[in-house]
Number of protein chains: 2
Amino acid sequence: MDARAPYRPECGVMNDRPGLRERKKAKTRAAIRKEALRLFREQGYAATTVEQIAEAAEVAPSTVFRYFATKEDLVLVDQAPPFLEALRALPPGIGPVTAVRRALREAVDAQTPEERADSLERERLMATVPELWAASLKGVTREIAALQEILAAREGRSPDDPQIRNITGAIAGVLVALWFAWVRTPDMDVLAEADRALAHLESGLPLS
Amino acid sequence: MDARAPYRPECGVMNDRPGLRERKKAKTRAAIRKEALRLFREQGYAATTVEQIAEAAEVAPSTVFRYFATKEDLVLVDQAPPFLEALRALPPGIGPVTAVRRALREAVDAQTPEERADSLERERLMATVPELWAASLKGVTREIAALQEILAAREGRSPDDPQIRNITGAIAGVLVALWFAWVRTPDMDVLAEADRALAHLESGLPLS
DNA sequence: TTGCAAATGAGAGTCTACTCTCAAAATATG
DNA sequence: CATATTTTGAGAGTAGACTCTCATTTGCAA
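Quick caveat: nothing in here was measured; it's all calculated off a predicted structure. (Residues numbered from 1 in each chain as written. Chains lettered and ligands numbered in written order. Predicted model: local features only at pLDDT ≥ 70, side-chain atom pairs only at ≥ 80, totals over all residues. Heavy atoms only, no water.)

Turning our eyes to something else, we now look at the protein's contact with DNA strand D. In the region of DNA strand D, 23 residues are neighbours, and A:Lys24, A:Lys71, B:Lys25, B:Thr63 and B:Tyr67 sit closest. When atoms of DNA strand D within 4 Å of the protein are split into backbone and base, the sugar-phosphate part holds 66%. Here A:Thr48 contributes a backbone N or O atom positioned 3.3 Å from a phosphate oxygen of DNA strand D. A distance of 2.7 Å separates a phosphate oxygen of DNA strand D from a polar atom in the backbone of A:Lys71. Broken down by class, the residue content of the surface near DNA strand D amounts to 9 nonpolar, 7 polar and 7 charged. (Near = heavy atom within 4 Å. Polar contact = N/O pair within 3.5 Å; in protein donor to acceptor, adjacent residues only side chain to side chain. Nonpolar A, V, L, I, M, F, W, Y, C, P; charged D, E, K, R; others polar.)

Time to look at the domain arrangement of chain A. All names here are of chain A. As assigned here, chain A comprises domain 1 (19-71) and domain 2 (82-202). A C-alpha centroid distance of 28 Å is found between domain 1 and domain 2. Tallying the contact residues gives 6 residues for domain 1 and 6 residues for domain 2. Across the interface of domain 1 and domain 2, roughly 600 Å² is buried in total on both sides, 65% from carbon and sulfur atoms. Broken down residue by residue, the surface that domain 1 buries against domain 2 is led by Leu37, Arg41 and Tyr45, which jointly contribute 70%. (Domains from an automatic or database assignment. Contact = heavy atoms within 4.5 Å. Buried area = accessible area lost by both parts, 1.4 Å probe.)

Here we take up the pattern of salt bridges. It is possible for side chains bearing opposite charge to pair when their charged atoms get close. All names here are of chain A. Scanning the entire structure with this criterion turns up 20 salt bridges over all chains. A salt bridge links Arg101 to Asp195, with the nearest nitrogen and oxygen atoms 3.1 Å apart. Of the two residues, Arg101 is situated in helix H5 (residues 96-110) and Asp195 in helix H9 (residues 190-202); the sequence distance between them amounts to 94 residues. Close ionic contact of Arg157 with Asp161 constitutes a salt bridge, the shortest N to O distance being 3.0 Å. You can call Arg157 partly exposed: its relative accessible area is 24%. Salt bridges linked by common partners bring Arg101, Arg105, Asp195 and Glu202 together as one network. (Salt bridge = Lys/Arg side-chain N within 4 Å of Asp/Glu carboxyl O. Helix = DSSP H or I, 4+ residues; strand = E, 2+ residues; numbered from the N terminus. Buried < 20%, exposed > 50% of the residue type's maximum accessible area, 1.4 Å probe, protein only.)

What follows is the structure, encoded as structure tokens:
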């Protein structure tokens, strides 16, 4: 409440070392989320209380809520998936489905093996527990809306164009269906299957 | 707790008139659900308490829970949509997308105008309020799974067949995308649009 | 070291979905 | 009307997500 601002520890310093305080915060946040996901996987989302999460992460329950506004936020991803970025960066003149295939491959290739394993496990957890599906719904719909916008822009059309809407819906539907199948068949190579499914869609979904 | 069963008012009677008691129960159930949906629409799902619903329906809160095990159940549909029945009844030898188009049309034609208006409004409510989307997720996924099984059976394949999975996913995706578009454009003739979208899918989703 | 600001812990408190119990009311049968 | 049975209302009780407050601790700068 004082305009003098006499004390700004990290006022736009943008140091390479973010300072102990910031690093500790990031570590705490990561620890809370990690323990939460582990407990969700082990004993279910609804059956896990915030108190248990706090205990496992060795913080106070109130601290959990300081980092994550709601229990659902513990599982929601906060950054837009790099897939959409890759798609945005792709040159025009390629069909929507082809573009999505390429962007998907690029995004996956850009991940380190650990990142890949992490995100696969997270996705898997989300798909396994229906309660988490519901929790992640807002994020998913937002991402699909973004996909629709990008595809529309690539074709120089309105996002509300029925044809764009149909293609986006079909792409999303095919991938979601694969996602659910993956839950029941964990050994599946999801990424290869995704590429194959999109290829099938691209060729008009013939029954061979 | 008595094996003599000395008193069974409606022990398999299966009368045309179900008796006052049963009729009253149905009326109460309908009233509760109607008031609940109205309140959800007017002030949101989370912001509506069961107590408010009970008051609006003029019953006790405990009565609400006697009729609906959870708050979510208030919005979930209990009978399988007649659309799936129509699809099951369709003769084989027609492509999956064509079959879905026909079944959809048949199911809609079989509805009375009031039923149609009712279900449209209910669908609309579900699509408008994200919390309801989440609540209805289990039902939706179950229906899509049923769709996948029917389509697989029609083609004499396994429901796990990737091609079947892709077609089912694409159909569902296209329809869900339409559903969301409808929310933003209430005047749209959803049924005609659905038919057009499926036709577009059937022809391989060309960008014309 | 000293003092400022931010992060934390502890704990009490609210709100609401959901459960349980029991007595009263309504409905069916004879 | 009398009696058996079901449904309801009233209300107390539980659990867990989320909020608020305040004293304590911890990182930071001079």
